[in-house]
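Structural overview for review
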Amino acid sequence: MTATLITNIGELVTNDSEIGDGSRLGILRDAAIVLDGNRVAWVGRATDAPATDTRVDVEGRAVVPGFVDSHTHLVFAGERSAEFAARMAGEPYTGGGIMTTVAATRAASTDELRENTRRLLAEATASGTTTVEIKSGYGLTIADERRLLEVASEFTDETTFLGAHVVPAEYANDRAAYVDLVCGEMLVACAPLARWIDVFCDTGAFDEAETRRVLAAGIAAGLLPRLHGNQLEHGPGVRLAVEFGAASVDHCTYLSSVDIDSLAASTTVATLLPGADFSTRAPYADARRLLDAGVTIALATDCNPGSSYTTSMPLMIALAVREMRLTPAEALFAATTGGAAALRRDDISRLAPGMRADLVVLDAPSYVHLAYRPGAPAVSQTWRGGAKHAL
Ligand code: NIG
Ligand code: FE
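Described in the following lines is the structure provided in the data block. (Residues numbered from 1 in each chain as written. Chains lettered and ligands numbered in written order. Predicted model: local features only at pLDDT ≥ 70, side-chain atom pairs only at ≥ 80, totals over all residues.)

Notes on the overall build of the protein chain
On a plain count of helices and strands, the protein chain comes out with 14 helices and 18 strands. Compactness check: the protein chain gives a C-alpha radius of gyration of 21 Å against a globular reference of 21 Å for 391 residues, within 12% of the reference. Out of the 391 residues belonging to the protein chain, those deemed buried represent 55%. Pairs at least 24 residues apart make up 70% of the contacts formed inside the protein chain by residues separated by at least 6 positions. (Helix = DSSP H or I, 4+ residues; strand = E, 2+ residues; numbered from the N terminus. Rg over C-alpha atoms; globule rule 2.2 N^0.38 Å. Buried ≥ 20, exposed ≤ 12 C-beta atoms within 10 Å, placed from the backbone. Contact = placed C-beta atoms within 7 Å.)

Okay, here's the thing in structure tokens:
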């Protein structure tokens, strides 16, 4: 068979409850997997594996599905370490620093933005991310938002138009004119480059009426809705996300019982961003309560230079376990299948025949080490679409 066999896997997490131990993670021990082209061709016990041209022996390591980072803002220039230091000394996070990054991003060349994005994505791949969503939102002019989406599209199909990130300073006295621009000419320029429409619906960003306008315009332009909501305070974000049938509402740091009940009764995923809670010293989202209510949750990095400057999904898993009271199994599931659900993807995050061959060979005998050894390099190999990435 002209395929690749990865064998001598001590613990294989398939995320397919039909395979393996019957748990939701579908764990198989002493396992092997065959990749053919960009797909999984076979999964089973190593002793039953078919012969293939190429054989990779992972010496008892654990293999898990590639991480799905369903929320990032990777295209930007500059950094905001001084803002972070001020916050750790007691300043609150308000989102006001977004305009600092907008200024640096507008001033950067497209080559520079592309190189920054490439570097961060290489870092993400080295920590096991195989699918990434990337938002615009640091341009906030027609030309700059388009430029950011052009760069994002070079790296992923999961691109999101976030012209409604904040109202830029030049529109401070005429917010309605900026919302008109986002829903009008900017959307026309950006929609062909985006799959998703997003709005930062929160205090200091966009209110309920503005969010409704932008989501409705984006949907009319053929984009699918997702939302930043309930990061800075209790607000209308979750309610709007559910009402608009959003694939996901992201942050969910401040939730009411009504929010949780409505998420549980919906198909909207609650995407939790523990890196943002960590770096803004916010309370952690109540993942335990969401899961116990039956809400589908995802974990993502929110990688951006203001509220969460990390690409590490293993760190998100460790924070979710320690600070949000998820079990290691629940956190891994949220970082893989949860992310796939938040992107409405059914071709990734499960290691079963026919699925995309996106997987991570951990430098550990068990997936539990993702939380048990925080900060340690977790990944030995990342395979995306059946190809091994040079790390
Ligand atoms: O998801 N909340 C809005 N946007 C980003 C932060 C952007 C920034 O501070 O630069 C977030 O946390
Ligand atoms: Fe974000």
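A few points about the site of ligand 1
The environment of ligand 1 is formed by 13 residues, the closest being Ile98, Phe200, Asn304, Gly306 and Ser307. Of the residues that constitute the shell around ligand 1, the class distribution is three nonpolar, nine polar and one charged. (Near = placed C-beta within 6 Å. Nonpolar A, V, L, I, M, F, W, Y, C, P; charged D, E, K, R; others polar.)

With respect to the nonpolar core
Ile33, Val63, Ile317 and Ala320 are the most contacted members of the largest nonpolar core, which totals 126 residues. If you tally residues by element for this core, the top one is helix α12 (residues 313–324), at nine residues. Aside from chain neighbours lying at most four places away, what touches Ile33 is Ile6, Ile9, Leu12, Val40, Val43, Val63 and Leu351. (Core = buried A, V, L, I, M, F, W, Y, C linked by C-beta atoms within 7 Å.)

Focus: unusual backbone geometry
Residues other than glycine predominantly adopt negative phi, and peptide bonds predominantly adopt the trans conformation. A positive phi angle is found at Glu59, which is not glycine, with a value near 55°. Positive phi values are uncommon outside glycine, yet Arg344 reaches one of about 50°. Mapping Arg344 onto the fold places it in the loop between α13 (328–342) and β16 (359–362).

Thoughts on the pairing of strand β10 (residues 196–201)
Walk down a regular strand and you will see the side chains alternate between the two sheet faces. For β10, the buried fraction is high: six of the six residues fall into the buried class. The alternating pattern of β10 places Trp196, Asp198 and Phe200 on one face and Ile197, Val199 and Cys201 on the opposite face, and all of these are buried. As paired strands, strand β9 (residues 159–164) and β10 are joined by three bridges and run parallel to one another. Paired with Thr160 across the bridge in β10 is Trp196. Examined bridge by bridge, β10 and strand β11 (residues 224–225) share two bridges and lie parallel to one another. The partner of Trp196 across the bridge, within β11, is Leu224. On the question of chirality, the crossover connecting β10 to the parallel β11 by way of helix α7 (residues 208–220) is right-handed. The pairing of β10 with strand β12 (residues 227–229) spans two bridges and is classified as parallel. (Pairing = 2+ DSSP bridges. Right-handed = clockwise from strand over helix to strand, strands pointing away.)

Describing helix α5 (residues 175–183)
When we look at burial in α5, the residues that qualify are Tyr178, Val179, Val182 and Cys183. Each buried residue of α5 sits inside an arc of 130° when the element is viewed along its axis, so together they form one side. Within α5, the exposed residues directed more than 90 degrees away from the buried face are Ala176 and Ala177. Turning to α5, the residues buried within the fold contact β9, α6 (185–190) and α7. (Arc of directions from axis to C-beta.)

Description of the packing of helix α3 (residues 110–126) against helix α4 (residues 142–155)
Contact geometry for α3 and α4: axes closest at 10 Å, N-to-C directions at 40°. The angle between α3 and α4 falls in the class oblique. As α3 runs across α4, the sense of the crossing is right-handed. Side by side, α3 and α4 meet where Thr110, Leu113, Arg114, Thr117 and Leu121 of the first sit next to Arg147, Val151, Glu154 and Phe155 of the second. Classifying every residue of the contact of α3 with α4 gives four nonpolar, two polar and three charged. (Axes fitted to C-alpha atoms, helices over the stretch in contact; angles between N-to-C directions. Parallel < 35°, antiparallel > 145°, perpendicular 65-115°, else oblique. Left-handed = near helix turned anticlockwise from the far one by under 90°.)

A few points about the environment of Ala329
Examined against the element boundaries, Ala329 turns out to sit in helix α13. Between the C-alpha atom of Ala329 and that of Ser23, which follows or precedes it by 306 residues, the distance is 9.6 Å.

Overview of helix α2 (residues 98–107)
All buried positions along α2 are accounted for by Ile98, Thr101, Val102 and Thr105. Buried positions in α2, seen along its axis, are confined to an arc of 105° and lie on one side of it. Buried residues belonging to α2 abut α3 and α4.

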